[in-house]
Amino acid sequence: MKALARFTSWLRGVTRRSTFEREMDEELRFHIDSYVEDLVRSGMPPAQARSRARAEFGGVEARKEECREAVGLRLLDDLAGDVRYAVRQLKRSPGFTAVAITSLALGIGANTAILSLMEAALWKTLPVHEPDRLRLFSWVSGPRAVMNSSWGNWWRSVAGGRASTSFSYPAYEALQRRQAVFDTVFAFKPIGRVTAVIDGEAELVAAQLVSGNFYQGVGVHPRAGRPIAADDDTRGGSETVAVISDGFWARRFGRDLSVVGRQIRVNQVPVTIVGINPPLFDGLEPGEPTDVFMPLRKQPLVYSFRHARAGLLDDPDYWWVLVMGRLKAGARDAEVQTEIEGIFQQVVRETLPNRTDRDQPHFRLLSGSRGQDNLREQFATPLFVLAAIVGLVLLIACANVATLLLSRASTRRRELGLRLALGAGRWRIARQLLTEGLALGIGGGVFGVILGYWVRDAIPHLLVPSWVAEQQFNAVFDSRVLILALGVTVATSVGFSLAPIWRAIREELVTALKDGGRSATDSAQPLRGRSLVVLQVAVSVVLLVGAGLFVRTLWNLRAVDVGFRPDGILLFTIDPPRAKYADQARKALFEKLHEAIAAVPGIESASLSESPLVAGGSSRTRVGPDNRQPGPKDEAWVNDVGAQFFETMGIPIVAGRSFDAHDGSNSAPVVVVSERFVREFFPDQNALGRMIRNGDKAFLIVGVCGDVRFGSARTPAPPIFYRHFTQAREPGALTFEARTAGDGAVVVNGIRRAVRAVDKDLPVFNIRTQTAQIDATLARERLFVTLTLAFGVLALVLASIGIYGTLAHAVARRTSEIGIRLALGAEPRAVLLMILREASSVTAIGAGLGAAAAGLLTRYVQTMLFGVAPLDPAAVAGAIAVMMAVAVLAASLPARRAARLDPMVALRHD
Amino acid sequence: MPTKPAELLQGTLDMLILKAVSLGPLHGYGILLRIQQVSKNRLDIQQGSLYPALYRLEHQGLIASEWGQSENKRKARYYRLTAAGRRQLQEEARNWNRMADIIGGILAASPEEA
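Residues numbered from 1 in each chain as written. Chains lettered and ligands numbered in written order. Predicted model: local features only at pLDDT ≥ 70, side-chain atom pairs only at ≥ 80, totals over all residues. Heavy atoms only, no water.

Caption draft 1: Spatial organisation of the overall build of chain B. Helix and strand content of chain B: 4 helices and 5 strands. Counting from the amino terminus, chain B carries its helices and strands in the arrangement β-α-β-α-β-α-β-β-α. Sorting the 114 residues of chain B into buried and exposed places 39% on the buried side. Nonlocal contacts in chain B, meaning residues at least 24 apart in sequence, comprise 51% of its contacts between residues at least 6 apart. If you sum the accessible surface of chain B, you get close to 7,100 Å²; carbon and sulfur atoms cover 55% of it. (Helix = DSSP H or I, 4+ residues; strand = E, 2+ residues; numbered from the N terminus. Buried < 20%, exposed > 50% of the residue type's maximum accessible area, 1.4 Å probe, protein only. Contact = heavy atoms within 4.5 Å. Areas by Shrake-Rupley, 256 points an atom, 1.4 Å probe, with all protein chains shown as cover.)

In structure tokens form, the structure reads like this:
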């Protein structure tokens, strides 16, 4: 209460300062005037009365100052004075100020950019009403999951079992009906890209199915039109409605409000747009924005799915929908977990047959404030490594500014000594130095934040392959990032101000005045101020070692033999709408497209496959050799390909044959297997002519091909068997491979024409070269090479400024000493070498410490490296060599200046 | 012969101000007059030192001020006691009386009792 009164009175004084001063004047004048009147009334002449009143009152200005102090305004006045003084000081040495502010701006800018990425990828909650009350449903079980099929995210649990966020639709309905701890339990499912026809033009849009209570549960309301309601989420032929995202509305409709009520076709089905989502809300999966939201129960219409036996909505054995809930106010997680686990056990028992050979799943309640969060998992480690790197850069910048401040502090010793002698308290001087530090820091911080804002999306751009139109995630620049950046700035300023403050408050008043900041020899304390240089060098070496490791990793990955010839291959993907092409018609369409594309001029040979090679994806399945039922460990990778696949990709056939025109849906099922497959399933035997069992089919091995890297260049070639795509299950999207001879652009036009000739509504997407595709899987490695190199160079520049600054200052201070040496006959060369020797010894100490620190730190990035040890001798030696060379270069300028000193001038220097 | 006014004891000015305004709102000059009148001019108060004390007390929330009209028709700032100020005054008065009793008792002690 009292504290509040004090604060409001202080605030009144601060914010209405002129009123405060005027009222104070008026009040004191009233006092004196009243006294004068009383004196006059008692018979004193007015002039005498006035002077007596003034005398008895005492010094008016001193009283005012006491009044100001009484309400805490004094501190503020002092601060304003300090700031004015600090700015004047900084203006007096513009060179120093520019270097310091630039160092700080680079350090703080890098940190701000990374913070804005961390905000986007790790911290920011969904832009919905009370996101903290949302919970995501998931389950964990042993390795043998209870359901036969699933579609969605799953991961390994800590105990080595399975965990997933997918549920069957009947299970969702039962959970939703029986629970009482949530306000709303709702379901959703992103279904990837679907074909939408708008005004007769076909394009691919990211679609998502949502339950009728989704909008109510998520707590988001469309900016225009209405949300999807329970009435919309019905089975059967009633009108299908859609809500579109703000981004899609802007991109495709130019923010035209009349789209509400318009009809588009999604996968051939007419769909009416009824609403537009608010900006920022683009679904519950950060980094995977959805364009079109449609009711979940319309799934059979808008998204035909053949794999689930009874249809997705009715099959209890197919787990695919994501379920979230909005907790009732005050509900406790532990109780909710217990209640839902109970219901979940019942539901699993009731909907699925009793499978004793499977592991029973258990319900797990997860936080839903970031929705189904894939970004965190994907980017947490790289972002923490980046945060550490930019933290080190900032440390160098901080040390750099501290070095510069220290050099200046010694030239300012006389000034500070004088102020101490005149009675300024040490605390007062420290406050002045801190204010100067903060003024510098804020200057650097302002430029840094601008810089960070400017480069914030450079990093996500480096991570996303160029042919993907959608940005995976964008940096978020919000108040939290700004506050953190401010915190970083203040902490940095205090950090680098400590060195000069520490020196100032220990300063002996007498010595400071006596030798005026100069002595004949300064080598009594050779490391004074140089420990900061050692620190800068050490941190630079750590960053350089990191850069070396990442460069070698990328180098090694690029040099990996992938087992096929990637150059000259063009890739593109076609995903025919299922409503138009299903089953045999789908396979026939792909055969037709294959023929048409192979005939395009400039294409030497063409093929198609379910998974493109080294593109980040691969599929695995169970196989049994010699027609046996596969055991739990009989797993191999599989790719469904067309004829000419091995020829087009340049994969050698080492025995037997490849697929040819005779293989098709009506001929006997055959497979080609890789050499590694033979080694694992038919060791030391001839695999040709043997059978393998996969699913409910038996395949004859007709060929053996060379090994290739499948999902990524990092993992060794796995055992793979190839099916002809017409003999496998119904394909989804297939990727075509075309080995081209001519001009890429001409060939692409030819391909588009050929596809249009088959079906004018078929979009061709993700056109890229195989080389670009492999590069895209190395995006993260490339990002780290780029950033560690950039920050390594930045660190080098900052450290060399530090070395240069310290030595230049040391030479200036030792002018007399060097003059004496030269006068006594020292060779200029010897002086030059002396300075360089000092520089290199300081650098060598720093480099040694840096190498040791790198030894401790690099193990944390071990999982990100490839083909190189965390303490690679070449990387460490290279880093030390570069650092030494740069240090000697930076030292050579002041060293040469020292060697060129004229002894006479030097001796008169004082 | 009139006795010389007593010097104000350290820290007692605040208490006197609180006491003065406890009887009703007063402006700064009025507070001075009231203290002099009640003390029958036996206390020597530095006129100027009154204001920093007033500002400090207001800052602490013990008194509150507002502008009003003085008896000679001028604008003046009037101070009044707040609830917190009243509590503080009671507290200080009690302490003061206790202290005065003890000190008085000590000073009144005759040599035999020591």
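Caption draft 2: Spatial organisation of the sheet that holds strand 2 (residues 26–27) of chain B. All names here are of chain B. With respect to topology, 3 strands assemble into an open sheet ordered 2-5-4, the strand pairing being antiparallel. Two strands lie at the open edges of the sheet, namely strand 2 and strand 4 (63–69), each paired on one side alone. In this sheet, strand 5 (residues 75–81) lies alongside strand 2 in antiparallel orientation, the contact comprising 2 bridges. The partner of Leu-26 across the bridge, within strand 5, is Tyr-79. (Pairing = 2+ DSSP bridges.)

Caption draft 3: Focus on the environment of Pro-763 of chain A. Residues and elements named next belong to chain A. Mapped onto the elements of the fold, Pro-763 is located in the loop between helix 22 (744–758) and strand 27 (764–769). Taking the C-alpha atoms as reference points, Pro-763 and Asp-575, separated by 188 residues in sequence, lie 7.6 Å from one another. If sequence neighbours within four positions are ignored, Pro-763 has contacts with Thr-195, Leu-204, Thr-573 and Ile-574.

Caption draft 4: Spatial organisation of empty space enclosed by the protein. Residues and elements named next belong to chain A. Under the criterion given, the structure shown has 7 cavities of 30 Å³ or more. In this model, the second largest cavity occupies a volume close to 90 Å³. Lining the second largest cavity we find 10 residues, and of these Leu-405, Arg-412, Leu-433, Glu-436 and Pro-500 sit closest to its centre. Taken together, the elements giving at least two residues each to the lining of the second largest cavity come down to helix 12 (375–411), helix 14 (426–455) and helix 16 (479–506). Of the residues contributing to the lining of the second largest cavity, the split by class is 5 nonpolar, 2 polar and 3 charged. (1 Å grid on protein atoms, 1.4 Å probe; cavity = no way out; pocket = protein on both sides within 12 Å on 5 of 7 lines; lining within 4 Å. Points joined across faces, edges and corners; volume = space filled by probe spheres on them. Nonpolar A, V, L, I, M, F, W, Y, C, P; charged D, E, K, R; others polar.)

Caption draft 5: Local environment of the packing of aromatic side chains. Enumeration according to the criterion identifies 31 aromatic pairs over all chains in this entry. Put simply, the rings of Phe-137, Trp-139, Phe-167, Phe-182, Trp-319, Phe-344 and Phe-363 of chain A pair up and form one aromatic cluster. For Lys-189 of chain A, the ring lying beneath its charged end belongs to Trp-151 of chain A, and the centroid distance is 4.3 Å. The side chain of Lys-75 of chain B reaches across the aromatic face of Trp-67 of chain B, ending 5.0 Å from its centre. (Phe/Tyr/Trp six-rings, centres within 6.5 Å; stacked < 30°, edge-to-face > 60°. Lys NZ or Arg CZ within 6 Å of the ring centre and 35° of its normal.)

Caption draft 6: Structural view of the interface of chain A and chain B. Each partner contributes residues to the interface: chain A has 27 residues there, and chain B has 27 residues. Buried surface at the junction of chain A and chain B, summed over both partners, amounts to about 2,500 Å²; 55% is from carbon and sulfur atoms. The largest share of the area that chain A buries against chain B comes from Glu-27, Phe-30 and His-31 of chain A, three residues that together contribute 29% of it. Counting across the chain A and chain B interface gives 4 salt bridges. Between Glu-26 of chain A and Lys-75 of chain B there is a salt bridge whose closest N-O contact spans 3.7 Å. Remark: the boundary between chain A and chain B carries 12 residue pairs in polar contact (both at pLDDT 80 or more). Breaking the side of chain A that touches chain B down by element, the ones donating at least two residues are helix 1 (2–15), helix 2 (17–41), helix 3 (46–57) and helix 4 (60–70) of chain A. Counting residues per element, the side of chain A that touches chain B draws most heavily on helix 2 of chain A, which supplies 14 residues. Tallied by class, residues from the side of chain A that touches chain B come to 11 nonpolar, 3 polar and 13 charged. (Buried area = accessible area lost by both parts, 1.4 Å probe. Salt bridge = Lys/Arg side-chain N within 4 Å of Asp/Glu carboxyl O. Polar contact = N/O pair within 3.5 Å; in protein donor to acceptor, adjacent residues only side chain to side chain.)

Caption draft 7: Inspection of the pairing of strand 9 (residues 240–244) of chain A at higher detail. All names here are of chain A. Within strand 9, 5 of the 5 residues are buried, which leaves the element mostly enclosed by the surrounding structure. A two-sided burial pattern is seen for strand 9, the buried positions comprising Thr-240, Ala-242 and Ile-244 on one face and Val-241 and Val-243 on the other. Here strand 9 runs beside strand 11 (residues 269–276); their pairing, made up of 5 bridges, is parallel. Counted as the bridge partner of Val-241 is Thr-272 from strand 11. As defined by bridge partners, strand 9 adjoins strand 12 (residues 292–295) across 2 bridges and the pair is classed as antiparallel. The residue bridging Ile-244 from the neighbouring strand is Val-292, located in strand 12.

Caption draft 8: Seen up close, the side chain of Gln-179 of chain A. All names here are of chain A. Along the chain, Gln-179 turns up in the loop between helix 7 (169–178) and strand 6 (182–198). A residue is classified by how much of its surface remains accessible, and Gln-179, at 11% relative accessible area, is buried. Here Val-181 takes part through its backbone nitrogen, which lies 2.8 Å from a polar atom of the side chain of Gln-179. In this structure the side chain of Gln-179 is engaged in a polar contact, spanning 2.7 Å, whose partner is the backbone nitrogen of Phe-182. With sequence-adjacent residues up to four places away left out, Gln-179 is seen in contact with Val-185, Glu-339, Ile-340 and Ile-343.

Caption draft 9: Here's a closer look at a nonpolar patch on the surface. All names here are of chain A. Together, Ile-442, Val-446, Phe-447, Ile-450, Leu-486, Val-490, Val-494 and Leu-498 give the surface a local cluster of nonpolar side chains, amounting to about 700 Å² of exposed area. When residues of the nonpolar patch are traced back to their parent elements, those giving at least two are helix 14 and helix 16. Relative to the helices and strands, Ile-450 is located in helix 14. (Patch = residues over 30% accessible without salt bridge, like charges linked within 9 Å, V, L, I, M, F, W, Y side chains within 5 Å.)

Caption draft 10: Spatial organisation of the packing of helix 1 (residues 12–22) of chain B against helix 4 (residues 83–108) of chain B. Residues and elements named next belong to chain B. Between helix 1 and helix 4, the least distance of the axes is 10 Å, while the angle of their chain directions is 125°. Relative to helix 4, helix 1 is oriented oblique. The crossing of helix 1 and helix 4 is left-handed. Here helix 1 contributes Thr-12, Met-15, Leu-18, Lys-19 and Ser-22 to the contact with helix 4, which in turn contributes Gly-85, Arg-86, Gln-88, Leu-89, Glu-92, Ala-93 and Trp-96. (Axes fitted to C-alpha atoms, helices over the stretch in contact; angles between N-to-C directions. Parallel < 35°, antiparallel > 145°, perpendicular 65-115°, else oblique. Left-handed = near helix turned anticlockwise from the far one by under 90°.)

Caption draft 11: Examining the packing of helix 2 of chain A against helix 2 (residues 28–38) of chain B more closely. Running from amino to carboxyl end, helix 2 of chain A crosses helix 2 of chain B at an angle of 50°, the nearest separation of the two axes being 8 Å. Overall, the two elements helix 2 of chain A and helix 2 of chain B adopt an arrangement that is oblique. Between helix 2 of chain A and helix 2 of chain B, the residues in contact are Phe-30, His-31, Ser-34, Tyr-35 and Asp-38 of chain A and Gly-28, Tyr-29, Leu-32 and Leu-33 of chain B, respectively. Of the residues that constitute the contact of helix 2 of chain A with helix 2 of chain B, the class distribution is 5 nonpolar, 3 polar and 1 charged.

Caption draft 12: Structural context of the nonpolar core. Counting 94 residues, the largest nonpolar core has Phe-564, Leu-613, Ile-651 and Tyr-722 of chain A as its most contacted members. Once residues lying within four places of it in the same chain are set aside, the contact partners of Tyr-722 of chain A are Asn-639, Val-641, Phe-645, Phe-646, Ile-651, Phe-659, Val-670, Val-671, Val-672, Cys-705 and Val-708 of chain A. (Core = buried A, V, L, I, M, F, W, Y, C linked by side-chain atoms within 4.5 Å.)

Coordinates in, geometry out; function isn't part of it.
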